[in-house]
Amino acid sequence: MIGVNHNTSDAQVDFLLDVLQASADSEGDAQIIYPLLANNTDKINPRLTELFRAWATTKLAEVKPNEAENIAAVIVDFSNLIQQFPLGEKASNSSIAITGYEVALTVITRKAFPEYWATTQHNLGIAYHNRITGQKTQNLEKAIACYQLALGVYTRKAFPEQWAMTQNNLGNAYSERITGQKTQNLEDAIACYQLALEVRTRKAFPAKWATTQHNLGSAYRNRITGPKAQNLEDAIACYQLALEVRTHQAFPIDWAMTQNNLGIAYRNRITGQKGQNLENAIACYQLALAVYTREAFPEQWAMTQFNLGRAYAKRITGQKAQNLENAIACYQLALAVYTREAFPVDWASTQNNLGSAYRKRIKGQKRQNIEKAIACYQLVLEVRTRQAFPEQWALTQFNLGITYRNRIKGQKRQNIEEAIACYQLALEVHSRQAFPEKWASTQNNLGNAYYERIKGEKAQNIEEAIACYQQALTVYTFEYFSEDWADTKYNLSIAYRKRIKGEKAQNIELANAYFQEALKVRNFE
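Residues numbered from 1 in each chain as written. Predicted model: local features only at pLDDT ≥ 70, side-chain atom pairs only at ≥ 80, totals over all residues. Heavy atoms only, no water.

## Some remarks on the overall build of the protein chain
- When its secondary structure is counted, the protein chain shows 23 helices and zero strands.
- Here the protein chain, with 525 residues, has 49% of them falling under the buried criterion.
- In the protein chain, 58% of the contacts between residues at least 6 apart in sequence involve partners at least 24 apart.
- Roughly 25,200 Å² of accessible area belongs to the protein chain as shown, and the carbon and sulfur atoms make up 51% of that amount.
- For the protein chain, the distance from the average site of its 59 positive side-chain charges to the average site of its 50 negative ones is 8 Å. (Helix = DSSP H or I, 4+ residues; strand = E, 2+ residues; numbered from the N terminus. Buried < 20%, exposed > 50% of the residue type's maximum accessible area, 1.4 Å probe, protein only. Contact = heavy atoms within 4.5 Å. Areas by Shrake-Rupley, 256 points an atom, 1.4 Å probe, with all protein chains shown as cover. Lys, Arg positive; Asp, Glu negative; His and termini not counted. Charge placed at Lys NZ, Arg CZ, Asp CG, Glu CD.)

## Regarding the pattern of salt bridges
- Applying the stated rule across the entire model yields 21 salt bridges.
- A salt bridge links Glu-161 to Lys-208, with the nearest nitrogen and oxygen atoms 2.8 Å apart. Highlighted residues: Glu-161 in helix H8 (residues 160-176) and Lys-208 in helix H10 (residues 206-222), separated in sequence by 47 residues. (Salt bridge = Lys/Arg side-chain N within 4 Å of Asp/Glu carboxyl O.)

## Observations concerning the packing of helix H5 (residues 90-104) against helix H6 (residues 114-130)
- At a closest axis distance of 9 Å, the pairing of H5 and H6 adopts a crossing angle of 150 degrees. When the axes of H5 and H6 are compared, the pair comes out roughly antiparallel. In the packing of H5 onto H6, the handedness of the crossing is left-handed. Between H5 and H6, the residues in contact are Lys-90, Ser-94, Ile-98, Tyr-101 and Glu-102 and Thr-120, Asn-123, Leu-124, Ala-127, Tyr-128 and Asn-130, respectively.
- Of the residues belonging to the contact of H5 with H6, the class tally is five nonpolar, four polar and two charged. (Axes fitted to C-alpha atoms, helices over the stretch in contact; angles between N-to-C directions. Parallel < 35°, antiparallel > 145°, perpendicular 65-115°, else oblique. Left-handed = near helix turned anticlockwise from the far one by under 90°. Nonpolar A, V, L, I, M, F, W, Y, C, P; charged D, E, K, R; others polar.)

## Considerations on the packing of aromatic side chains
- By the definition in use, this model includes eleven aromatic pairs.
- For the ring pair Phe-52 and Phe-78, a centre distance of 5.6 Å and an interplane angle of 80 degrees mean the geometry is edge-to-face. Placement of Phe-52 in helix H3 (residues 46-62) and of Phe-78 in helix H4 (residues 65-83) is noted, with a sequence separation of 26 residues between them. Note on accessibility: Phe-52 and Phe-78 belong to one class, buried.
- An angle of 75 degrees between the planes, with centres 5.0 Å apart, marks the rings of Phe-478 and Trp-485 as edge-to-face.
- Given a relative accessible area of 8%, Trp-485 falls into the buried group. (Phe/Tyr/Trp six-rings, centres within 6.5 Å; stacked < 30°, edge-to-face > 60°.)

## What about the environment of Asp-234?
- The topology assignment puts Asp-234 in helix H11 (residues 228-245).
- Distance in space between the C-alpha atoms of Asp-234 and Pro-436 is 24 Å, their sequence separation being 202 residues.

## Focus on the packing of helix H20 (residues 436-452) against helix H21 (residues 458-472)
- Following both chains from N to C, one finds H20 and H21 inclined at 165 degrees, their axes separated by 8 Å at the closest point. With respect to H21, the element H20 is oriented roughly antiparallel. Here the hand of the crossing between H20 and H21 comes out left-handed. Between H20 and H21, the residues in contact are Trp-439, Ala-440, Gln-443, Asn-444, Leu-446, Gly-447, Asn-448, Tyr-450 and Tyr-451 and Lys-458, Asn-461, Ile-462, Glu-464, Ala-465, Cys-468, Tyr-469, Gln-471 and Ala-472, respectively.

## A word on H8
- Taking 1.5 Å per residue as the helical rise, H8 with its 17 residues ought to reach 24 Å, and the 25 Å between its terminal C-alpha atoms agrees with that figure.
- Among all positions in H8, only Trp-163, Ala-164, Thr-166, Gln-167, Asn-168, Asn-169, Leu-170, Gly-171, Asn-172, Ala-173 and Tyr-174 are buried. (Expected span 1.5 Å × (residues − 1).)

## A few points about the side chain of Asn-168
- Inspection of the secondary structure puts Asn-168 in helix H8.
- Setting aside residues up to four positions removed in sequence, Asn-168 forms contacts with Tyr-193, Ala-196, Arg-200, Thr-212 and Asn-215.

## Digging into the state of the cysteines
- Here the structure, examined in full by the defined rule, presents zero disulfides.
- Considering cysteine sulfurs only, Cys-422 is the nearest to Cys-376, which forms no disulfide, with 15 Å between them. (Disulfide = S-S within 2.5 Å.)

## Comments concerning the environment of Lys-59
- When you line up the elements, Lys-59 lands in helix H3.
- Assessed through its relative accessible area of 14%, Lys-59 is described here as buried.

## As for helix H7 (residues 136-151)
- The first and last C-alpha atoms of H7 sit 23 Å apart over 16 residues, in line with the 22 Å expected at 1.5 Å per residue.
- Among the residues of H7, those classed as buried are Asn-139, Leu-140, Glu-141, Ala-143, Ile-144, Cys-146, Tyr-147, Ala-150 and Leu-151.

Below you can see the structure in the form of structure tokens.
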């Protein structure tokens, strides 16, 4: 049916025709196709994608309609198989699958084959969602468009199970969406998951119900709308529901994934005792690592080591010095997998957190620890450029500013200038409107740098410091950020106490007033 021709003198073309014929003969049997793919992974590359598109487009155009429909069905079967093929380069596998679906859809129309068309659109959406090549932004937009097209046929009334599956996957795409407002994208994701759960009940579809509960938990964990404390409680509840079905024995990989994400939610939890929440987070990560071994799941193992490092860095229970050593060890383990070449974004995140751990480190020489921190942050900025990752770039500039301000090596005068420059760069992205909390934190730290500044007029530097602290207090209110509010009030008190401009008596009065306000939070209890 495919028309195998071994006289092409092109091994890739011969392989393509062989695998398509095998798909036709076996009716898409993975046990037949996967060994054939495994023995030819060297031929599964971008060139094969081009050959596949050229051959399929020409073949479908030259045969009769009935035969074209049969060949398109074979192409879809092969695309389904290669999309899920675990070996070879994932990027090439997904590109070949996308090519197959797109060409097949020129024959498999909604009018002639509505259900089959919807299935293929859905699978094309998955392929675009998982695509590695191309712009992630555009890939997600194409995935969303495919899912929405599929829902034009997959109605809840006619195809309830497929409708719920597509709603779940559409929720996943909205959760990761880059285009549009993140706030609205997460609300759209939550709405999709909640719709899916109307069909995916625990009784009727326990495993799928658990999957959607897990996904809903992640959307709540990242949610911007509504009180953060409640969103995290909702996330924890969803993960715990998922774990009632996703047990270690029945679904070990899914169980580990949910344990990892539950750990993230506990680490960020606002309700309850912070110390206990962090202990719960550490326990979740350690459970996940029982399944996520380096040998079996290197990428997931590295991710969980990274998360465990973050929890140890914040840990309250135990000795702070040892907790930071544990954090450093976790980050260094993660970097054994998260290399710059293979995982540049994850590598940069891990280097950033390793820098923060070195900055706060108690063991070893403080001077050397700070130099290691600076080296980590500078490495991060090679990947986290302002153009590619503006928010993360600003965060690293902020961290570098803190480190330069505390630096021992070099001239203190120059180190403080470096710190001020870093904070000012961070503020170019961390604006009050877009990132109010980060903006306030940077203003507070910039105030500290101006207060300690050696260069310039001391009187003017203190005025700059006061202005920064007052800016920070427009966000740091007693009601919402009591600790940060108190810290900034304390800093303002010190600045007014040392103020040169103005009436000294009035400055002292203001200093005492700010100090008393700080004591509302910074009390003995």
